[in-house]
Amino acid sequence: MSDNSTNGSRLHTKSTGMTVQAVIARRVSCRAYQAAPVPEAHLMQILEAARLAPSACNQQPWRFAVVRQHELRRRIVQEGFLPGISMTWAIDAPVHVVIGMERSFVTHRLAASVSGVDYPWVDIGIAGEHLALAATELGLGTCWIGWIKPRVVARLVGWPASVKPVVVITVGYARDPAAGMLPASRRKPLAELVRWL
């Protein structure tokens, strides 16, 4: 039984009981969803996982729009995704979590100009993957979609100009519950990636 605290209330949701390593190994991009709705308690749990992510100077630049309305999901896919790649399957995902970025001048613009590191993009990546891993633990499928038109998506979810949509993460139960666990051949071996000093 997972037990998370949000604004003083306790969330009680069932998890798969997997280790963190097993959850990481099981997370794959899901592109076929069941119509079954995602319980609100599950959504709160995955959002809480994202909220707890670390960020540069604790600026917490992420903002979340949870889209459950079918018509709005359809418009996000048909109007807010860039052309060239058909992703109509995303309409069937019962939830779209749009993650937006609200930048701080000092941390995100001034510091980035000195260091050359665009910190809010790192922060959004951490928060988004916290969300995806928490969803995996709860038996949910997710898929990151960055092929979007930020201005259009911002208008669709009602965000001010200060918040720039970065990614849409689809969330729902996979049509094939047995899906998961990438073949080892899909990831490069550590020997190609790590330099020991």
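Just so it is clear, the structure is predicted and the values come from calculations on it, not from any experiment. (Residues numbered from 1 in each chain as written. Predicted model: local features only at pLDDT ≥ 70, side-chain atom pairs only at ≥ 80, totals over all residues. Heavy atoms only, no water.)

J.: Help me understand the packing of aromatic side chains, please; the structure alone is not making it clear to me.
T.: For any pair of aromatic rings, the description rests on two quantities: the centre-to-centre distance and the angle between the ring planes. Here the structure, examined in full by the defined rule, presents one aromatic pair. Summarising the aromatic geometry, the rings of Tyr 33 and Trp 89 are spaced 6.5 Å apart at their centres and angled 20° between planes, so their arrangement reads as stacked. With Tyr 33 in the loop between helix H1 (20-26) and helix H2 (40-51) and Trp 89 in the loop between helix H3 (70-80) and strand S4 (95-102), this pair connects stretches of sequence that are 56 residues apart. Accessibility expressed as a relative area gives 3% for Tyr 33, which makes it buried. Assessed through its relative accessible area of 16%, Trp 89 is described here as buried. (Phe/Tyr/Trp six-rings, centres within 6.5 Å; stacked < 30°, edge-to-face > 60°. Helix = DSSP H or I, 4+ residues; strand = E, 2+ residues; numbered from the N terminus. Buried < 20%, exposed > 50% of the residue type's maximum accessible area, 1.4 Å probe, protein only.)

J.: Honestly, the nonpolar core in this entry has me stumped. Any pointers?
T.: Among soluble globular proteins, nonpolar side chains are generally buried collectively. Within the largest apolar cluster, 26 residues are counted, with the highest numbers of intra-cluster contacts made by Ile 76, Phe 81, Val 98 and Ile 145. Breaking this core down by element, the ones donating at least two residues are strand S3 (62-67), H3, strand S5 (141-145), helix H6 (150-157) and strand S6 (163-172). Ranked by the residues each element gives to this core, the list is headed by H6, at five residues. By size, the runner-up hydrophobic cluster in this structure holds 23 residues, among which are Trp 62, Ile 99, Leu 140 and Val 166. (Core = buried A, V, L, I, M, F, W, Y, C linked by side-chain atoms within 4.5 Å.)

J.: Hey, could you run me through the sheet that holds S5 in this one?
T.: Sheets are built from strands that pair by backbone hydrogen bonding, the pairs being arranged parallel or antiparallel. Strand order across the open sheet formed by four strands is S3-S4-S6-S5, with antiparallel pairing between neighbours. At either margin of the open sheet sits one strand with a lone partner, and together these are S3 and S5. Each adjacent strand pair in this sheet contributes to an overall mean axis angle of 25°, direction not counted. Where S3 and S4 come together, six bridges link them in antiparallel fashion. For Val 67, the partnering residue across the bridge sits in S4 and is His 96. Strands S3, S4 and S6 of the sheet are contacted by H6, whose axis makes an angle of about 70° with S6. (Pairing = 2+ DSSP bridges. Axes fitted to C-alpha atoms, helices over the stretch in contact; angles between N-to-C directions. Contact = heavy atoms within 4.5 Å.)

J.: Just checking my understanding: could you explain unusual backbone geometry for this structure?
T.: Working note: non-glycine residues mostly have negative phi, and peptide bonds are mostly trans. In this structure, Asn 58 is a non-glycine residue whose phi angle is positive, near 55°. In this structure, Asn 58 sits in the loop between H2 and S3. A positive phi angle, close to 50°, is found at Gln 60, a residue other than glycine. With respect to the secondary-structure elements, Gln 60 resides in the loop between H2 and S3. Taking the relative accessible area as the measure of exposure, Gln 60 reaches 31% and is therefore partly exposed.

J.: I'm lost on the pairing of S5 in this one. Help?
T.: Remark: a regular strand shows side chains that alternate across the two faces of the sheet. Within S5, four of the five residues are buried, which leaves the element mostly enclosed by the surrounding structure. Pairing analysis gives five bridges linking S5 to S6, with the strands arranged antiparallel. In the strand pairing of S6, Gly 141 is matched with Gly 172.

J.: In this structure, what is going on with the packing of H3 against H6? I would like to understand it.
T.: Packed helix pairs are characterised by how far apart their axes lie and by the angle those axes make with each other. Between H3 and H6, the least distance of the axes is 9 Å, while the angle of their chain directions is 165°. Comparing their axes, H6 and H3 come out roughly antiparallel. Along this stretch, H3 crosses H6, giving a crossing that reads as right-handed. Residues Leu 72, Arg 75, Ile 76, Glu 79 and Gly 80 of H3 form the contact with H6, whose own contacting residues are Val 152, Val 153, Arg 155, Leu 156 and Val 157. Residue composition of the contact of H3 with H6, grouped by class: six nonpolar, one polar and three charged. (Parallel < 35°, antiparallel > 145°, perpendicular 65-115°, else oblique. Left-handed = near helix turned anticlockwise from the far one by under 90°. Nonpolar A, V, L, I, M, F, W, Y, C, P; charged D, E, K, R; others polar.)

J.: Can you help me understand H3 in this one?
T.: In an α-helix there are 3.6 residues to a turn, and that puts residues three or four apart on one side. Of all the positions in H3, only Leu 72, Arg 73, Ile 76, Val 77 and Gly 80 are classed as buried. All buried residues of H3 fall inside an arc of 135° around its axis, so they share one side. Looking at the buried side of H3, the elements it contacts are S3, S4, H6 and S6. (Arc of directions from axis to C-beta.)

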